[in-house]
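# Structural features, examined
Okay, here's what each chain looks like letter by letter:
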Amino acid sequence: MSKVVKFGGSSLASAEQFKKVGEIIRADSTRRYVIPSAPGKRFDGDTKVTDMLYACYGLAQQEKDFARALMEIAARYQEIIDGLGLELDLSGEFRVIEDNFRDKAGENYAASRGEYLNGRIMAAYLGFAFVDAAEVILFDEQGNFDAERTNEVLGRRLETCEYAVIPGFYGSMPDGSVKTFSRGGSDVTGSIVARAAMVDVYENWTDVSGFLVADPRIIEDPKKIETITYRELRELSYMGAMVLHEDAIFPVRREGIPINIRNTNAPEDDGTWIVGSTCQKSEYVITGIAGKKGFCSINIEKDMMNAEIGFGRKVLQAFEENGISFEHVPSGIDTMTVFAHQDEFMHKEQKVVAGIHRLAKPDFIDIESDLALIAVVGRGMKSTRGTAGRIFSALAHVNVNVKMIDQGSSELNIIIGVANEDFEAAIKAIYDIFVVTRI
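An account of the accompanying structure is given in this report. (Residues numbered from 1 in each chain as written. Predicted model: local features only at pLDDT ≥ 70, side-chain atom pairs only at ≥ 80, totals over all residues. Heavy atoms only, no water.)

## Regarding the packing of aromatic side chains
Just so we agree on the cut-off: Aromatic rings from Phe, Tyr and Trp, with only the six-membered ring used for Trp, were paired whenever their centres fell within 6.5 Å, and each pair was classed as stacked if the ring planes differed by under 30 degrees, edge-to-face if by over 60, and tilted otherwise. Helix and strand assignments follow DSSP, with helices taken as H or I runs no shorter than four residues and strands as E runs no shorter than two, numbered in order from the N terminus. Buried means the residue's accessible area, taken with a 1.4 Å probe over protein chains only, is under 20% of the maximum for its type, while exposed means over 50%, and partly exposed covers the values in between. Lysine NZ or arginine CZ positioned within 6 Å of the ring centre and within 35 degrees of the ring normal marks a charge as sitting over the ring.
The full count for this structure, using the stated rule, is 12 aromatic pairs. Between Tyr57 and Phe101, the aromatic rings sit 5.2 Å apart at their centres with planes inclined by 75°, giving edge-to-face as the arrangement. Taken as a pair, Tyr57 in helix H2 (residues 49–61) and Phe101 in helix H4 (residues 91–102) lie far apart in primary sequence, 44 residues in all. In terms of burial, Tyr57 and Phe101 fall into one category: buried. Taken together, a centroid distance of 5.9 Å and an interplanar angle of 50° make the contact between Phe66 and Phe101 tilted. Of this pair, Phe66 sits in the loop between H2 and helix H3 (67–84) while Phe101 sits in helix H4, and the two are 35 residues apart along the sequence. Each member of the pair, Phe66 together with Phe101, is buried. Here the aromatic residues Tyr57, Phe66, Phe101 and Tyr109 are joined through ring pairs into a cluster of three or more. Its end group placed over the ring of Tyr125, Arg26 keeps NZ or CZ at 4.6 Å from the ring centre.

Structure, rendered in structure tokens:
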């Protein structure tokens, strides 16, 4: 049995949090590979170290004095070192960082130092080997993650390390320069290491006890999800349920490695298990509800549209030509609607409309803005009759008008479009009918 354990920024924000993490790791000898994030906020109003690094490097780019800003970052780490009682001197590391900032090493390099330095502290605290992610997480010339080469190089390296700390969030380009993943990328690093080390479980430790059925900012004390499949998680993550970076799914999914979301501040909680497939039925018909505001719909009408070969391709070509991705494309016999992010579309709307007229020659185009999309996701919906009807009933009861409903052939999710102003009311109504009253 072996595990990869990743700890988020809030779990490593202070010496006190480091001690909790140390207890968790030492309590289970199978926790062999540790992926640390950069220190997060210690309290409300505090600043994450990654943001401090961005600001510090910004001064360096502008040829301004950044010494004070770098000293403040060094003080954050020294506070952790002193609190842990470690004999660790990072002054040499900070001299290197200072030199690289002066040489304009890049924002990717600057941002990555938060994880790198925390990794140095974690390795010293645990007595584990330190493996610099820049040596084993590899990107290609175009800046794309090189999964297979990384798996080979990292796998060989970990064969020589029974216990190791590998900083999250970054790797390197072929020329050796540092390249980061997107924000939250330490989750991805953990998944990559789990695959390369062929572990049994990937534990992702954060400040919540797993995934919740709905957003706690909308639903008071929502129920926790015990088990969720990768496919369900992908749907919910895409719609904004971001406990885990959505790209963290792919490396472990390929190998059948489950992810366990755990709470550093409540290690006794079982958390949420993310698995490839399961015979376990969810407690409710639905697994989760998630959504986003800020969409618009472009409604295209043309008589006999269904008989015109290539009509849909022509419409979507107008979006492609203007660099705009679409979210959903529900259609009827003579109508087709394209949902897109409003902030992307609004600046190019007339170019897109002109493109649709030129390419598809529709009879009529209408645009509606300020829409929200809500995903109702659950493997239990496939074997339950009347799920869509219950959603309509719940929304009608609270006077929410449904602008669009779209169900995939997998019956894993139903997407509902409503006005932005009805977003919260719609989620509350859906949660109530499936989880609270369970009618």
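Having seen the model, we can carry on.
## A few points about the pairing of strand S11 (residues 288–301)
Cut-off, in case you're wondering: Strands are labelled as partners when DSSP assigns at least two bridges between them.
Pairing analysis gives 12 bridges linking S11 to strand S13 (residues 364–377), with the strands arranged antiparallel. Among the inter-strand pairings, Ile289 is bridged to a residue of S13, identified as Val376. Sheet topology note: the S11/strand S12 (residues 335–341) ladder contains seven bridges and is antiparallel. What sits directly across from Cys296, in S12, is Ala340.

## A few points about the environment of Lys64
Here is the rule we go by: N or O atoms within 3.5 Å of each other form a polar contact, as long as, within protein, one can give a hydrogen and the other can take it, and as long as residues adjacent in sequence are counted only when both atoms are side-chain atoms.
Secondary-structure assignment places Lys64 in the loop between H2 and H3. Considering only alpha carbons, one finds Lys64 and Gly127, 63 residues apart in sequence, at a separation of 39 Å. Within the local environment of Lys64, its side chain forms a polar contact with the side chain of Gln62, the two groups lying 3.1 Å apart.

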